[in-house]
Amino acid sequence: MIAWLAHLYTASGAVFAFLAARAVIEFDYRAAFFWLGVQVVVDATDGALARALRVSDRLPWFNGAKLDDIIDYLTYVFVPALFIWRAILVPDSWIVYVTSAMLLSSAFGFNRNDAKTDDHFFTGFPSYWNIVVFYLMVLKLPDTVNGVILLALAAMVFVPLRYVYPSRTTVLRLSTNVLAATWGVLIGVMLWQYPAISTPVLVASLVFPVYYFGLSLWLHFGRSVRL
């Protein structure tokens, strides 16, 4: 029974995906980001819970990883694609092409065997479309610039760079977790302030994404660190 509770915790993300999608359709973007944020918290903690409860030993016939991927695709890819359409973040004539690039590239990325490596990295851009869309909404860049950014990231899904898996990394674990937690708090503040977000909070929130991509590139290209 306890193992099923862990899977139910993961599966709750489907409900949050529905609530976020409904909010997007109703133009309630703040609520939509809130539900996506709740799902990020679930996604960051359900793996540790499953391992602590030895779910794979208790229910060896049930594929929790597949369930997790289904939820992630809904919340990290499909709902953000709805944002692109509803908020018209790219030129109207680009919407189908840009959202198709997001949906199809991530479908490929989720299904490659090395999407998550044994040493806890993602292969290719890890479909953080929810975060990308949040920043595009906040930064209010020209729609053509948004479109170019999204298409470039869709192409990066196919480039086999290795990106840090934040919740399971063994490299610079403490600093990564501290910065990630701080970033999460800043995102919460931004969500509370939305749509009038203060510049200092916005700038401070960019520290972790820059650190994340910098660390990922550093490790990918063979830099060694003392753990």
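Residues numbered from 1 in each chain as written. Predicted model: local features only at pLDDT ≥ 70, side-chain atom pairs only at ≥ 80, totals over all residues. Heavy atoms only, no water.

(A) Geometry of the pattern of salt bridges. Inspection of the entire model under this criterion finds four salt bridges. For Asp 114, the salt bridge is made with Arg 112, and the minimal N-O distance between the two is 2.6 Å. Note on Asp 114: relative accessible area 33%, which makes it partly exposed. Put simply, Asp 68, Asp 69 and Lys 116 are held in one network by salt bridges that share partners. (Salt bridge = Lys/Arg side-chain N within 4 Å of Asp/Glu carboxyl O. Buried < 20%, exposed > 50% of the residue type's maximum accessible area, 1.4 Å probe, protein only.)

(B) Structural detail: the side chain of Ser 105. With respect to the helices and strands, Ser 105 occurs in helix 5 (residues 95–111). Judged by relative accessible area, Ser 105 falls into the buried class, the value being 3%. Residue contacts for Ser 105: discarding those within four places in its chain leaves Ser 100, Trp 129, Ala 154, Val 157 and Phe 158. (Helix = DSSP H or I, 4+ residues; strand = E, 2+ residues; numbered from the N terminus. Contact = heavy atoms within 4.5 Å.)

(C) Structural context of the packing of helix 1 (residues 2–25) against helix 4 (residues 64–86). Running from N to C, helix 1 and helix 4 cross one another at 10°; their axes reach a closest spacing of 9 Å. Taken together, the axis directions place helix 1 and helix 4 in an arrangement best described as roughly parallel. Contact with helix 1, carried on its side by His 7, Thr 10, Ala 11, Gly 13, Ala 14, Ala 17, Ala 20, Ala 21, Val 24 and Ile 25, involves Gly 64, Leu 67, Asp 68, Ile 71, Leu 74, Thr 75, Val 79, Leu 82, Phe 83, Trp 85 and Arg 86 of helix 4 and no other residues of that element. Taken together, the residues of the contact of helix 1 with helix 4 sort by class into 14 nonpolar, five polar and two charged. (Axes fitted to C-alpha atoms, helices over the stretch in contact; angles between N-to-C directions. Parallel < 35°, antiparallel > 145°, perpendicular 65-115°, else oblique. Nonpolar A, V, L, I, M, F, W, Y, C, P; charged D, E, K, R; others polar.)

(D) A look at a nonpolar patch on the surface. A contiguous nonpolar patch, built from Met 1, Ile 2, Trp 4, Leu 5, Leu 8 and Trp 61 and spanning about 730 Å² of accessible area, is present on the exposed surface. Counting through the fold element by element, Trp 4 comes out in helix 1. (Patch = residues over 30% accessible without salt bridge, like charges linked within 9 Å, V, L, I, M, F, W, Y side chains within 5 Å. Areas by Shrake-Rupley, 256 points an atom, 1.4 Å probe, with all protein chains shown as cover.)

(E) Highlighting the environment of Thr 99. Looking at the secondary structure, you find Thr 99 in helix 5. Sequence spacing of Thr 99 and Thr 144 is 45 residues, and the spatial spacing of their C-alpha atoms is 14 Å. Of note is the side chain of Thr 99, whose polar atom sits 2.7 Å from the backbone oxygen of Ile 95. (Polar contact = N/O pair within 3.5 Å; in protein donor to acceptor, adjacent residues only side chain to side chain.)

(F) Up close: the environment of Val 157. With respect to the secondary-structure elements, Val 157 resides in the loop between helix 7 (143–156) and strand 2 (162–164). Residues Val 157 and Ser 127 lie 30 residues apart in sequence; the distance between their C-alpha atoms is 7.4 Å. In this structure Val 157 touches Ser 105, Phe 108, Gly 109, Arg 112, Thr 123, Gly 124 and Phe 125, once residues within four positions along its chain are discounted.

(G) Looking closely at the packing of aromatic side chains. The tally for this structure, following the rule as stated, stands at 24 aromatic pairs. Measuring from centroid to centroid gives 5.9 Å for Phe 134 and Tyr 135, while their planes differ by 75°, and the two rings are edge-to-face. Take Phe 134 and Tyr 135: they sit in the same class, and that class is buried. Of the aromatic side chains, those joined through ring pairs into one cluster are Tyr 76, Phe 122, Phe 125, Tyr 128, Trp 129, Tyr 163, Tyr 165, Trp 183, Phe 208, Tyr 211, Tyr 212 and Phe 213. Over the ring of Phe 121 we find Arg 162; its NZ or CZ atom is 4.1 Å from the centre of that ring. (Phe/Tyr/Trp six-rings, centres within 6.5 Å; stacked < 30°, edge-to-face > 60°. Lys NZ or Arg CZ within 6 Å of the ring centre and 35° of its normal.)

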